[in-house]
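What follows is the residue order along each chain.
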Amino acid sequence: MASNATSKPARRRIPAILVIGAMILALMALLAIVGPMVWGAGASSLGTVMGGKASSAHPLGTDALGRDVLARTLVATRPSIVMAALATAIAVGGGLVLGATIVLAGRRVRAVGERLIDLLVAYPPIIVALAITAIFRPSETSVVIAIGLAFTPQFARLTNTLAASISERDYVTVGHLLGLRPLRLLRRHILPNLAGPLLVLTSVGFASAIITLSGLSFIGLGVQQPQFDWGTLLSLGLQDINVNPVEVVGPGLAILLTGLAAGLVGDGLNHYLDPRQPVGRVRRRPYESSDAGPAAANSTGAAALSRLGAPVVDDVVVAVQDLRISSLSGSVGVPLVRGVSLEIKRGEVVGLVGESGSGKTLTAMAIARLLPPGLMWSACSLQVAGSDVSDPGTRPPKKLATDMGIVFQDPSSCFNPARHIGPQITEVARVHGGLGSRAASEAAIERLREVQISSPELRMHQYPHELSGGMRQRAMIAMALMSSPELIVADEPTTALDVTVQAEVLRLLRRLNDTHGTALLLISHDIKVISALCDRVCVMYAGRIVELLSVEDLHHGRVYHPYTKALLAAVPKTAGENRNEPLIPLPGRPPQPGTPITGCSFVSRCPMAEERCSILDPHLRDIDGHGVAACHVTTGPLEDSIVRG
Amino acid sequence: MSTLPAPRVTFRGRLALRRTARTPWRSYLIGRLVGVVLLTVLLVVVTFLIVHLVPGDPARNVVGINGSAEQVAQVRQELGLTQPLDLQFIHYVGHLLQGDLGTSLVTSQPVSVMIGQRLPVTAELSSLALMIVVIVGFPIGIVIGALMRRGRAKWAGSVFTVGASLGGAMPEYITGTILIFVVSLSLHLLPVQGGTSLSEITLPAEAVAFAPTAIFARLVRNETASVLNQEYITTALSKRLPSWRLYATHVLPNVVTSTLTLGGLLLVALLGGTVITENVFNIPGLGTEIVQAILQSDYPSVQGIILVLGALAIVITLAVDIVLGLVDPRTLNGRG
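Since this is a predicted model, take the numbers as computed values, not measurements.

### Describing the overall build of chain A
- Summing up its helical and strand segments, chain A has 24 helices and 13 strands in all.
- For chain A, the residues scored as buried account for 48% of the 645 residues in total.
- Across chain A, the fraction of contacts at a sequence separation of at least 24, relative to all contacts at a separation of at least 6, is 67%.

Here it is as structure tokens:
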């Protein structure tokens, strides 16, 4: 096995454990062949020293009849290995035949067969093996058959699961349509794809076989004396343990080593055959802000922003300056967000819009201080609801939990499935608000009623999976509202919902903003959603804000960045005289996060690109006093025609 | 404040809600019980057949090669082999229903009495082993999983993975031998063998529990890691809870549910481990008895013990399924 594995062209790294395991197994195979020839005489010759301690002549001492224990252990390699191999062959062969037959048989046979195998697996193999040894009387043959049959159901189930998943794949369906006969289908299409997993199973099966088989020999139900394998030797050693304790070391170590080696081969093969294994190692390096270009661009951007809005004062809920986020994977930090500056005033609804991968969610999660640990981030300033949370090294204050509510994208995975809805909604109020559980429940029911969930008392005691998707999202909004936060961050709150439910959820968010004056940071890839709800809109592209404008300007088409224009042009019109106009999809893709960007990140898709665009990254600059945009070319509102060009 | 009227739920609608919440339990339980009945029938048939599948004459095996023809005939009579097969099966089942498992051919003692004496020992040993597995394995798994959250403390993970794979590969009879070896070498005396008191079965229980503990800890570690990667943990993090609370209320329940299924299989495997380990320490349980019974061709005893061990495995599997349904109601809609 070792030569086979190592001689293969090294497309993927062969795991060390596979090599080590295969080498030990090869050594065992060698011992099994030469063992009885070399040490056979020593193993059977009766010595004068009985139960002798370890000495240079007998490294592991002698047994009760004065025979050398080391020689006996080495000789026992052959029966132990051969028996385990035979038992594995029975188990794998039987399981393969049984499992594959069930898959290929008719639907009814298959259903019954699978159920039967499920049932058989419920019996511990050792009990099955005991029953079989009882039938055939203890001997080496019966123990091999017993172990083989005892493990057959497990292999049958594994083969069955594997074969079932393969037989549902397209190429097998095509084979069926072409009229291939079941056996040919099995041989040509199913078996080759089973080979890898089966090899893994075989080595794992061999490991279990050698251990269980030696166990049965150990308790006296396997190989009968005067024949011996490792199991019998171990049990003899245990009997002599007060005379010669070292006697158990040889057979014990042999069983362990063989079992472990086979297990290692299985694990190693599994790793080697798994296409998802990582190719190289991920190296970590501290975050370096070596790219001076965008940094310079950003400080100007920030300046433009502060000129646009008021300076950081009391009516500001969120103030972000020069937020940068990079991933730690790869040898250098991959920049994902490249200097975002943003402000949200009290009661304001700000939208972040952009394609997936533009850094909207990361920006929002950084504001919420919920970035996953694999990311590095820094910001010149990050103020949320009066707390300074700009130091990545310190824990954000608990107050953040009550100051900010978060509505996540997928309501089905954002509630803990193992807990009732009620305690999840009331948790913040109970832990941080100091409310008793009854008061918290009442408050939660009130919130649930407010977001128009039917029979809220009942919902409190239901599990998330018992609620519909729209209801879960409204429950999530109710949870975000529990502590009357100053800010709600809603990350794609409608993406996972039906169109009809989407409108309701959006209306709900708008109403909450109207009635409570809660500021809202809304993230969406859908510019229509954004323009329906927001006061101001930030358009993000490739980790930067490329345009920031009021929703009035957006409605009137007074946009300055070609990307914003393209986003608008790709939206279907639902009313008005423009309804029959064709939609214009934006060709191309945004740059892969992490690819070095020189010049404007939009240049490859921009219909107006000039020479300087691919050299210099444009700064965010004031245009017309309306908003800011990062574009070299535009100086006024863009016409429809430029997108078509 | 809301201008829209909240949708009203009628009485009938509420009933319907309740009904959908109840029915999965029934079909789930029925599914489980059908499986249990099938397994039990299978078990009874197999144990009945043990005597009949013996190649050659089972009675001859009992009396040995030197036994006389009369002795063989007498054993045939005792085993009931003289009757037609269908009648034998009816008698076998009839006796089973009355709690009669036959009489041992070696000791002439009723098998049910022997099992009554030995089953408590085996049960005590495997329950103690299970307690060790859970009490030791669960915290280790959770702590390592939490330490390694999203790629932190890689060294701890590697050490743990190697340790757990080595530990999980240790068969109980070798662990038992090592324990005896260490005790006899360090204390220069043999650990007390054959005892059934709690202090005397602690060492055997550790032998039974060792490998399953390693496997269980690894399982819990993996489950913890996958729970910590779920989106609802981000939701929980946004609540800025104290970490003990985060783990106790948001991680633990989910890890427990996902661990239960495999934990149940582990429990069944513990039963097998107990059978072997009893022989290492000479503990008078079902495991030592069945080995003797097999070696002496004491078929009624073998049949009785296989039946009891198999029934235990069935009961454990059913219990785990029911607990799983109670703890995680989603299971009910699954493969019920």
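### Details of the overall build of chain B
- For chain B, the helix and strand inventory stands at 13 helices and zero strands.
- The linear arrangement of helices and strands in chain B, starting from the amino end, is α-α-α-α-α-α-α-α-α-α-α-α-α.
- By residue count, 40% of the 336 residues in chain B fall in the buried class.
- Of the contacts formed within chain B by residues at least 6 apart in sequence, a portion of 76% connects residues at least 24 apart.

### With respect to the nonpolar core
- Formed by 155 residues in total, the largest nonpolar core has its most connected members in A:Ile147 and B:Ala313.
- Counting 107 residues, the second largest nonpolar core, distinct from the first, contains A:Leu342, A:Ala401, A:Leu497 and A:Tyr541.

### So, the packing of helix H10 (residues 243-281) of chain B against helix H11 (residues 286-295) of chain B
Residue and element names in this part refer to chain B.
- Put simply, H10 and H11 touch, their axes get as near as 7 Å, and they point 80 degrees apart. With respect to each other, H10 and H11 are oriented roughly perpendicular. Contacts between H10 and H11 involve Thr274, Val275, Ile276, Glu278 and Asn279 from the former and Leu286, Gly287, Thr288 and Val291 from the latter.

### Some points on the environment of A:Glu446
- You can see A:Glu446 is positioned in helix H17 (residues 437-450).
- Sequence spacing of A:Glu446 and A:Ala478 is 32 residues, and the spatial spacing of their C-alpha atoms is 9.0 Å.

### Overview of the interface of chain A and chain B
- Across the boundary between the two partners, chain A contributes 63 residues, which contact 68 residues of chain B.
- Mapped onto the side of chain A that touches chain B, the elements with two or more residues apiece are helix H6 (125-136), helix H9 (182-218), helix H10 (230-239), helix H11 (249-273), helix H14 (399-403), helix H15 (411-414), helix H16 (421-431) and H17 of chain A.
- Looking at the side of chain A that touches chain B element by element, the count peaks at nine residues for H6(A).
- Considered class by class, the residues forming the side of chain A that touches chain B number 41 nonpolar, 15 polar and seven charged.

### A look at H10(A)
- Summarising burial for H10(A): nine of the ten residues are buried, a large majority.
- Among the residues of H10(A), those classed as buried are A:Trp230, A:Gly231, A:Thr232, A:Leu233, A:Leu234, A:Ser235, A:Leu236, A:Gly237 and A:Leu238.

### Some points on the sheet that holds strand S11 (residues 544-550) of chain A
Residues and elements named next belong to chain A.
- On the basis of which strands lie adjacent, the open sheet formed by eight strands has the order S7-S8-S9-S3-S10-S11-S13-S12 and mixed pairing. A single partner strand is all that each edge strand has here, and the edge strands are strand S7 (404-407) and strand S12 (621-623). Strand-to-strand twist in this sheet, taken as the mean axis angle between neighbours without regard to direction, amounts to 25 degrees.
- Examined bridge by bridge, S7 and strand S8 (residues 487-491) share four bridges and lie parallel to one another. Considered in S8, the bridge of Ile406 is made with Val489.

### Digging into the packing of H11(B) against helix H12 (residues 299-327) of chain B
All names here are of chain B.
- Interaxial distance between H11 and H12 falls to 9 Å at its minimum, and their mutual angle equals 145 degrees. H11 and H12 meet at a crossing whose hand is left-handed. Between H11 and H12, the residues in contact are Leu286, Glu289, Ile290, Ala293 and Ile294 and Ser301, Val302, Ile305, Val308 and Leu309, respectively.
- A breakdown of the residues in the contact of H11 with H12 according to their chemical character gives eight nonpolar, one polar and one charged.

### Quick look at the confidence of the model for chain A
Residue and element names in this part refer to chain A.
- Here chain A averages 77 in pLDDT, while 80% of its residues score no lower than 70.
- Mean pLDDT values for the elements of chain A range from 40 in helix H12 (residues 292-308) up to 90 in strand S3 (residues 349-353).
- Under a pLDDT of 50 for its full length, residues 1-10 has, in the predicted model, 14 contacts with residues more than four places off or in other chains.
- Here residues 276-313 scores under 50 on pLDDT; set against residues more than four positions off or in separate chains, the count is 46 contacts.

### Considerations on the pairing of S11(A)
Residues and elements named next belong to chain A.
- Burial analysis of S11 places six of its seven residues in the buried class, the great majority of the element.
- Bridge analysis of strand S10 (residues 536-541) against S11 gives six bridges, and the strand direction is antiparallel. Looking across to S11, one finds that Cys538 is bridged to Leu548.
- Following S10, the chain reverses through two residues before pairing antiparallel with S11; Ala542 in that reversal takes a positive phi of roughly 50 degrees.

### Observations regarding the confidence of the model for chain B
Residues and elements named next belong to chain B.
- With 85% of its residues at a pLDDT of 70 or more, chain B has an overall mean of 79.
- Note on residues 1-21: pLDDT is under 50 here. Beyond four places in sequence and across chains, it has 14 contacts.
- Here the predicted complex scores 0.77 on pTM and 0.83 on ipTM.

### Some remarks on the pairing of strand S2 (residues 334-345) of chain A
Residue and element names in this part refer to chain A.
- Most of S2 is tucked away, with ten of its twelve residues classed as buried.
- Relative to S2, strand S1 (residues 316-327) runs antiparallel, the two sharing nine bridges. When the bridges of S2 are listed, Val318 appears paired with Ile344.

### With respect to unusual backbone geometry
All names here are of chain A.
- One non-glycine residue, Ala385, adopts positive backbone phi at about 50 degrees.
- With respect to the helices and strands, Ala385 occurs in the loop between strand S5 (381-384) and strand S6 (387-388).
- The class for Ala385 is partly exposed, based on 19 C-beta atoms found within 10 Å.
- A positive phi angle is found at Ala542, which is not glycine, with a value near 50 degrees.
- Looking at the element boundaries, Ala542 is found in the loop between S10 and S11.
- Its 24 C-beta neighbours within 10 Å are what place Ala542 among the buried residues.

Thresholds, definitions, all that
Residues numbered from 1 in each chain as written. Chains lettered and ligands numbered in written order. Predicted model: local features only at pLDDT ≥ 70, side-chain atom pairs only at ≥ 80, totals over all residues. Helix = DSSP H or I, 4+ residues; strand = E, 2+ residues; numbered from the N terminus. Buried ≥ 20, exposed ≤ 12 C-beta atoms within 10 Å, placed from the backbone. Contact = placed C-beta atoms within 7 Å. Core = buried A, V, L, I, M, F, W, Y, C linked by C-beta atoms within 7 Å. Axes fitted to C-alpha atoms, helices over the stretch in contact; angles between N-to-C directions. Parallel < 35°, antiparallel > 145°, perpendicular 65-115°, else oblique. Nonpolar A, V, L, I, M, F, W, Y, C, P; charged D, E, K, R; others polar. Pairing = 2+ DSSP bridges. Left-handed = near helix turned anticlockwise from the far one by under 90°. pLDDT = per-residue confidence, 0-100.

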